[in-house]
Amino acid sequence: MYYYLPHLREYEDAIFPNVIFGQQRTGVSLVMGIPTVKREKQHYLINTLHSLLYELSEEQKNDCVIIIFVGEVTAVRGCPEKSFQGMGSHQASFHSFPKEIQSGVLEVISPPASYYPELSNLKKTFGDSEDRVRWRTKQNLDYSFLMLYAQPKGTFYLQLEDDIIAKPDYIQSIKTFAAKQSQEWMILEFSQLGFIGKLFKSGDLPRIVEFFLMFYKDKPIDWLIDHLLWVKVCNPEKDAIHCEKEKAKLRIRAKPSLFQHVGIYSSLAGKIQNLKDKDFGKNVLHKAHNNPPAKVDTSLRTYQQYTLEKVYKGKDCFWASAPVAGDYISFTFLSPLKVEKYFFRSGNMEHPGDKLFNTTVEVLPADEMLRKELVDNGSKFNYPATKDGYLKIGAFENGITEGSINQSIGKIQAIRLSVNSDSPVWAILSEV
């Protein structure tokens, strides 16, 4: 590293990151790396994290770590006019994930400013502007730092970007696909786009990073990966077709894709990129269940055609503008019935952050005498009661609520979701 970045001899600590949040987790199967910088118009990172954490089991969360590399430092040498804004644009965002940070599944790091060499007067190549050459050069250095930091933490390293969504079963799909490989491989690809969804063996990362650092000023990262494969397996005395066949043995593509690019505004100022992975397929945005006949009602303002009735019948998700304290979603059964279990999921793949927060699940007993007793006494069966005779039996946690209902309550007339505080985001109900 010192050979390719000789300025580091003057800054011995420059290869050690500032760990902003995290528990220094090691010994996991999968390490995911996400570099991020401030974008001028729109930020995607929080939705990306919600998508990656969406539907992960506790076992999966305990066996992975997601490293956010914030490539914003107070000043990058040689381009003070591009002075990066520090953690300010990201700091508040990570407060959405207190449990993930506390448990160690989420880690946030940033490099010292002295890590970066002089980035002015770079040679312009391939018709790229000075800004673009500087941007892609710094990006190569960001990937290299992140990969070396991640290398000792786990068995596999997955390279991602900060503007993607993931299929809900992506971790299991990756492990299954990797386990099926009978030949020696270097890269498993779970997206056809750029440097998204590329899986490496952690043991290979030092050699890969060394190659990046040899040519970090010369070409973009995805080109360098292709050149590395060429160096490893292509015979100059044979044609390009033979070369591609040999590279394909080391670079194996999984279909369908597990990650989709959703960002439009690049981290390079002024760059618009409408890239979509055609192999990703359609997103499953709701899940249908056979629910008993009921009348549905809500105080929330429904967005377009995404009605409450549709999610209850399994035809689509329910989507509404930001809930406020006192809002409700209710399901009144046409005939009182015994309910054993309930399950509600908020948010979905495309909008994983549109969840219900500080929302309770309440049931209305069909027995009018019992309802009167609840109003008079304020509780029953170890459940607190509302002033209008409902029992509070559960609450949303991380966008989901589920549970069994005490059968002593008897038949139930209605189930209600009650919002207890104003929400900063819209709400989606994707499964009932």
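That block above? That's the structure.
Here, residues in each chain are numbered from 1, in the same order as that chain's written sequence. Owing to the predicted nature of the model, reporting of local features is limited to residues with pLDDT of at least 70; listing and counting of side-chain atom pairs is limited to 80 or more, with chain, interface and lining totals taken over all residues. Here the side-chain values reflect all heavy atoms present in the structure, with hydrogen atoms and water set aside.

Observations concerning the overall build of the chain
Each helix is a run of H or I in the DSSP string that is no shorter than four residues. Each strand is a run of E no shorter than two, and both are numbered from the N terminus. For the chain, the helix and strand inventory stands at eleven helices and 21 strands. Between buried and exposed lies partly exposed: a residue is buried under 20% and exposed over 50% of the maximum accessible area for its type, with that area taken using a 1.4 Å probe on protein chains only. Looking at the 432 residues of the chain, the share that counts as buried comes to 50%. In this description, contact between two residues means that some pair of their heavy atoms is separated by no more than 4.5 Å. If you take every contact in the chain between residues at least 6 apart in sequence, the share linking residues at least 24 apart comes to 75%. Note on areas: these come from Shrake-Rupley sampling with a 1.4 Å probe, and a residue is covered only by the protein chains present in the view. Roughly 20600 Å² of accessible area belongs to the chain as shown, and the carbon and sulfur atoms make up 51% of that amount.

Examining the pattern of salt bridges
Should a side-chain nitrogen of Lys or Arg be within 4 Å of a carboxyl oxygen of Asp or Glu, the pair is scored as a salt bridge. The tally for this structure, following the rule as stated, stands at 23 salt bridges. Put simply, D142 and K138 hold a salt bridge, and the shortest N to O gap is 2.7 Å. Of the two residues, D142 and K138 are both situated in helix α5 (residues 130-150); the distance of four residues between them amounts to about one turn of the helix. For D142, a relative accessible area of 6% corresponds to the buried category.

Focus on the sheet that holds strand β11 (residues 294-298)
Read across the sheet, five strands follow the order β11-β13-β20-β15-β18 without closing on themselves; strand pairing throughout is antiparallel. The sheet is open, and its two borders are formed by β11 and β18 (391-395), each paired with just one other strand. When the angles between neighbouring strand axes are averaged without regard to direction, this sheet yields 20 degrees. Strand pairing is defined by DSSP finding a minimum of two bridges between the two strands. Sheet analysis places β11 next to strand β13 (residues 328-337), joined by five bridges and oriented antiparallel. Within β13, the residue paired with A294 across the bridge is F333. To obtain an axis, a line is fitted to C-alpha atoms, over the contacting stretch when the element is a helix, and the angle between two such axes runs from 0 to 180 degrees between their N-to-C directions.

Things to note about helix α8 (residues 221-233)
A helix's residues, less one, multiplied by 1.5 Å, set its expected span. Here α8 is 13 residues long and its end C-alpha atoms lie 19 Å apart, about the 18 Å a rise of 1.5 Å per residue gives. Along α8, the residues that are buried comprise I221, L224, I225, L228 and L229. Taken end-on, α8 shows its buried residues confined to a sector of 145 degrees, consistent with a single buried face. Elements that come into contact with the buried residues of α8 comprise α5, β7 (187-189), β8 (198-201), α7 (205-214), α9 (240-250) and β9 (251-253). Arc definition: directions from the helix axis to the C-beta atoms.

Observations regarding the packing of α8 against α9
For the pair α8 and α9, the least separation of the axes is 9 Å and the interaxial angle reads 105 degrees. One element, α8, and the other, α9, form an angle in the roughly perpendicular class. For the pair α8 and α9, the contacting residues are D226, L229, W230, K232 and V233 in the first and C243, E246, K247 and L250 in the second. Each residue gets one label: Ala, Val, Leu, Ile, Met, Phe, Trp, Tyr, Cys and Pro are nonpolar, Asp, Glu, Lys and Arg are charged, and the others, such as Gly, are polar. Per-class residue counts for the contact of α8 with α9 are five nonpolar, no polar and four charged. The cut-offs work like this: below 35 degrees is roughly parallel, past 145 is roughly antiparallel, 65 to 115 is roughly perpendicular, and the gaps in between are oblique.

A closer look at the side chain of S430
Mapped onto the elements, S430 comes out in strand β21 (residues 427-431). For S430, the contacting residues outside a window of four places in its chain are Y54, L285, H286, K287, V311, C317, R345, S346, G347 and N348.

What about the environment of T155?
Relative to the assigned elements, T155 resides in strand β5 (residues 154-159). Judged by relative accessible area, T155 falls into the partly exposed class, the value being 44%. When the C-alpha atoms of T155 and S202 are compared, they prove to be 5.5 Å apart, with 47 residues separating the residues in sequence. Excluding residues within four positions of it along the chain, T155 makes contact with V28, S29, F200, K201 and S202.

Side note on the side chain of N348
Here N348 is to be found in the loop between β14 (341-346) and β15 (359-365). You can call N348 buried: its relative accessible area is 2%. Polar contacts, as used here, are pairs of N or O atoms within 3.5 Å; protein pairs need one atom able to donate a hydrogen and one able to accept it. Residues neighboring in sequence count only if both atoms are side-chain atoms. Among the polar contacts made by the side chain of N348, one reaches the main-chain amide nitrogen of H351 at a distance of 2.9 Å. When neighbours within four sequence positions are excluded, N348 is seen to be in contact with Y54, L285, C317, I428 and S430.

As for unusual backbone geometry
Here K255 and P256 are connected by a cis peptide whose omega angle stands at -5 degrees. Take P256: it is sitting in the loop between β9 and β10 (259-261). Unlike most non-glycine residues, Q24 shows phi in positive territory, near 60 degrees. Here Q24 shows up in the loop between β1 (18-21) and β2 (28-36). Phi angles above zero are rare outside glycine, and F381 is one such case at about 55 degrees. Of note, F381 is situated in the loop between β16 (379-380) and β17 (383-384). On the accessibility criterion, F381 (25% relative accessible area) is partly exposed.

Quick look at the packing of aromatic side chains
Classification of ring pairs rests on two measures: the distance between centres of Phe, Tyr or Trp rings, Trp counted by its six-membered ring, which must be within 6.5 Å, and the angle between planes, read as stacked under 30 degrees, edge-to-face over 60 and tilted in between. Under the definition given, this model contains 20 aromatic pairs. Between Y303 and Y306, the aromatic rings sit 6.1 Å apart at their centres with planes inclined by 10 degrees, giving stacked as the arrangement. Relative accessible area serves as the criterion here: at 28%, Y303 is assigned to the partly exposed category. Members of the aromatic cluster, connected to one another through ring pairs, are F69, Y115, Y116 and F145. In this scheme, the term charge over a ring applies when either NZ of a lysine or CZ of an arginine sits within 6 Å of the ring centre and within 35 degrees of the ring normal. A cation sits over an aromatic face here: K201 above W185, 4.7 Å from the ring centre. Taking NZ or CZ as reference, R416 lies 3.7 Å from the ring centre of Y390, over its face.

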